[in-house]
Amino acid sequence: MKYYIIVGEASGDLHASRLMQSLRNVDGKAEFRFFGGDMMSAVGGTRVKHYRELAYMGFVPVLLHLRTIFSNMALCKRDIVAWQPDVLILVDYPGFNLSIAKFVHANTSIPVYYYISPKIWAWKEYRIKNIRRDVSEMFSILPFEVQFYEGKHHFPIHYVGNPTADEVTGFLSSYTESFDYFCRKNELSADKPVIALLAGSRRQEIKDNLPAMIEAASRYADKYQLVVAGAPSIPHDYYEKFIAGSKVKIVYGQTYPLLAHSCAALVTSGTATLETALFGVPQVVCYETPIPKVIAFLRKHLIKVRYISLVNLIADKSVVTELVADTFSVENIARELGRLLPGEPARTAMLDGYAEVKKRLGKENAPDNAANIMVKLLSGKSGQQA
């Protein structure tokens, strides 16, 4: 069968590439055409556009690139119609993907599958109307989304497991590097435990969060070494502006090995909070925002969820401390980090909470599970055999 897939960022490229491999394992005749990245290209098929040509974050960049965005949308719509896939698979990235879903539903008979739901449970809940109308099947990777979609909105979905949990489990099952070797390889000290600093993958996130993280964690630099997880897309000289003159070190492309050898972490919100939890590393979630008092008001009155970290959202309770908007400060970060270091009672309580998160995620292999359901549904509708 023919699968057309659209992703808009690096994490989507990773998850889609693994879904493609699983689809190929189930459907030996699978053909792929996609808007995606290098990892998807490595699996095979035809890449129409790289996601880097689609991804514009923030109001001003989007405004400046409106002509390019509309041009990419028009190209995508024409290309889908011309290729006539058996299914269109969308991966997160709702601003672009929901527009494509609307067009495909209105103008073709191609079924639209969504793998990794947009976070409409946090904001823009009105998008459920578009999803109901334009999406044939939703494949969720977060267990609490079942209650949101099925319980609240009576829209059936498939919870297929969590790919991040799969990835961490797979890494830990095969990773054998000792702490001493990891330190030698990265010119770190083997005599001090590591506090990891995960400040995000975008320049603005790093600029907003890393300076406060470094200042707070430096209070423990006599007994611990501070190591930044360098984002592959960010050059070293950008980090140098923040770490120059300090004892902070940086490692690139080794977030999982770094977490495997860390005793605590400061983490911005996002998938990294869940990854840190799955590695069993106690963490403080830190996320600075502009005009913090206004953001705090919006969180209280407009945003639909109580938490920003996936850890707390999945557990449905406060497992990790979230320092966001008006609670984000060097003093608060330093205090909360100190409570999580070895020997502190709060550390044990957080690790117990992590166990509950792992239990709720389950042990399903997300891409394999999703691929099996997709091929079964498509084979039934078309009468084909995979």
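Residues numbered from 1 in each chain as written. Predicted model: local features only at pLDDT ≥ 70, side-chain atom pairs only at ≥ 80, totals over all residues. Heavy atoms only, no water.

**Side note on the pairing of strand β11 (residues 262-267)**
Within β11, 6 of the 6 residues are buried, which leaves the element mostly enclosed by the surrounding structure. Of the strand pairs in this sheet, strand β8 (residues 194-198) and β11 are connected by 5 bridges, and their pairing is parallel. Bridge assignment links Val194 to a residue of β11, and that residue is Ser262. The sheet contact formed by β11 and strand β12 (residues 283-287) spans 3 bridges and is parallel. Its bridge partner being in β12, Ala265 is matched across the sheet by Gln283. Regarding topology, helix α13 (residues 271-278) serves as the crossover connection from β11 to the parallel β12, and that connection is right-handed. (Buried < 20%, exposed > 50% of the residue type's maximum accessible area, 1.4 Å probe, protein only. Helix = DSSP H or I, 4+ residues; strand = E, 2+ residues; numbered from the N terminus. Pairing = 2+ DSSP bridges. Right-handed = clockwise from strand over helix to strand, strands pointing away.)

**Things to note about the pattern of salt bridges**
The full count for this structure, using the stated rule, is 13 salt bridges. Residue Asp79 is joined to Arg33 by a salt bridge in which the shortest nitrogen-to-oxygen separation is 2.7 Å. Taken together, the residues Asp79 in helix α4 (residues 66-83) and Arg33 in strand β2 (residues 31-36) connect sequence positions 46 residues apart. Residue Asp79 shares its accessibility class with Arg33, and that shared class is buried. Notably, a salt bridge pairs Asp92 with Lys119, separated by 3.7 Å at the nearest N-O pair. (Salt bridge = Lys/Arg side-chain N within 4 Å of Asp/Glu carboxyl O.)

**Here we look at the environment of Gly37**
Along the chain, Gly37 falls in the loop between β2 and α2 (38-43). The buried category is assigned to Gly37, whose relative accessible area is 0%. Sequence separation between Gly37 and Glu9 is 28 residues, and the spatial gap between their C-alpha atoms is 8.0 Å. With residues up to four places along the chain from it excluded, the contact list for Gly37 reads Asp13, Arg47, His50 and Tyr51. (Contact = heavy atoms within 4.5 Å.)

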